[in-house]
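Breakdown of the fold
Letter by letter, the chains look like this.
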Amino acid sequence: MPELPEVEVVRRGLADHAAGRVITQAEVMHPRAVRRHLPGSLDFEARLAGQRIDAARRRGKYLWVELSGGDAMIAHLGMSGQMLVRPLGSPDEKHLRVRLRFADGGPELRFVDQRTFGGLALSDVVEVDGTRLPEPVAHIARDPMDPAFDQAAVVRAMRRKRTDVKRALLDQTLVSGIGNIYADEALWRVKLHWARPTDQLTAPKCAALLSAASDVMNEALAVGGTSFDALYVNVNGQSGYFDRSLNVYGQEGKPCGRCGRPIRREPFMNRSSFSCPKCQPRPAATA
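Computed from a predicted structure; not experimentally measured.

**Concerning the packing of aromatic side chains**
Summed over the entire model, instances satisfying the criterion amount to three aromatic pairs. On the basis of an interplanar angle of 40° and a centroid distance of 6.3 Å, the ring pair of Tyr-182 and Phe-242 is categorised as tilted. Remark: Phe-242 occurs in the loop between α6 (203-222) and β11 (264-268) and Tyr-182 occurs in helix α5 (residues 180-189); sequence separation between them is 60 residues. Assessed through its relative accessible area of 3%, Phe-242 is described here as buried. Ring geometry for Trp-194 against Phe-268: centres 5.0 Å apart, planes inclined by 70°, an arrangement best described as edge-to-face. Residue Trp-194 is located in the loop between α5 and α6, and its partner Phe-268 is located in strand β11; the two are separated by 74 residues in the primary sequence.

In structure tokens:
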């Protein structure tokens, strides 16, 4: 699923191509695409008509646009959701789910989702610590790229938790935006195994890990994020290229870039975790 860099790439595309434009028509092509909007498709279409997209926002892996009526349209990208800007009248994509047309007669905004795990929904907005957020996002922590991110506070919270360090990194109420890919990459950079207990980490090591996560996500953002297939793309349909720079994630059996040992893959939360057996030895208590 898209993580912070991939979602930020899409957010920037929406900011460039949709912000300031007035929606004249919303067309739901598949009701499952708006299943999180409980009043249903007709309500979704009616409430969007005439609204202006004022801004595109993101917190962690959560994306939304602010609307002139004061509410927000949240975009859940799921595993295959795409927000695409397409010329008016261009052929429909096979998996087109929602179409937005604009008063300026310019390009449409389309939500395309092959697996229909994602979707769009309208939400009220609340204020949390001075920031306006859609209600479903109100519990999500700030991410390392947020100017108001308090690394010291997150370090203290991580060290108080009694869990393994990767679970802490993936806890979106503690620190948002980091998913399986960038957690593995950050852990490799600071030579930590994913099962290291958080209460055994020093404060400097925790801080180094969060900084590594921020660094690797910034590097991924600079090349458009990580695309393993054609399902993650930016608003122009282009893929990211950070998969070429991954050190451990998805690299099972390949030599570690530091020591040459083959990268290992271990089961983790119904997924996989990748690490170097020499640079990131498993903690003795969990070996």
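**Remarks on the packing of helix α3 (residues 151-160) against α6**
Where α3 meets α6, the closest approach of the two axes is 9 Å, and the angle between their N-to-C directions is 120°. Considered as vectors, α3 and α6 are oriented oblique to each other. For the pair α3 and α6, the sense of crossing is right-handed. Here Gln-151, Val-154, Val-155, Met-158 and Arg-159 of α3 come into contact with α6, specifically with Ala-203, Cys-206, Ala-207, Leu-209, Leu-210 and Ser-211. Looking at side-chain class alone, the contact of α3 with α6 contains eight nonpolar, two polar and one charged residues.

**A look at the pairing of strand β12 (residues 271-275)**
Counting buried residues in β12 gives four out of five residues, a clear majority hidden from the surface. Examined bridge by bridge, β11 and β12 share five bridges and lie antiparallel to one another. Bridge pairing in β12 links Arg-265 to Phe-274.

**So, the state of the cysteines**
Taken as a whole and judged by the stated rule, the model has zero disulfides. Its sulfur unpaired, Cys-279 is 3.7 Å from the next cysteine sulfur, which belongs to Cys-276.

**Quick look at the UniProt feature "domain: FPG-type" (unreviewed entry) in the chain**
UniProt tags residues 247-281 as "domain: FPG-type" (unreviewed entry). Across residues 247-281, helical content stands at 0% and strand content at 29%; the span's end C-alpha atoms are separated by 16 Å.

Cut-offs and rules
- Residues numbered from 1 in each chain as written.
- Predicted model: local features only at pLDDT ≥ 70, side-chain atom pairs only at ≥ 80, totals over all residues.
- Heavy atoms only, no water.
- Phe/Tyr/Trp six-rings, centres within 6.5 Å; stacked < 30°, edge-to-face > 60°.
- Helix = DSSP H or I, 4+ residues; strand = E, 2+ residues; numbered from the N terminus.
- Buried < 20%, exposed > 50% of the residue type's maximum accessible area, 1.4 Å probe, protein only.
- Axes fitted to C-alpha atoms, helices over the stretch in contact; angles between N-to-C directions.
- Parallel < 35°, antiparallel > 145°, perpendicular 65-115°, else oblique.
- Left-handed = near helix turned anticlockwise from the far one by under 90°.
- Contact = heavy atoms within 4.5 Å.
- Nonpolar A, V, L, I, M, F, W, Y, C, P; charged D, E, K, R; others polar.
- Pairing = 2+ DSSP bridges.
- Disulfide = S-S within 2.5 Å.
- UniProt positions renumbered as here; feature names shortened; annotations may be inferred.

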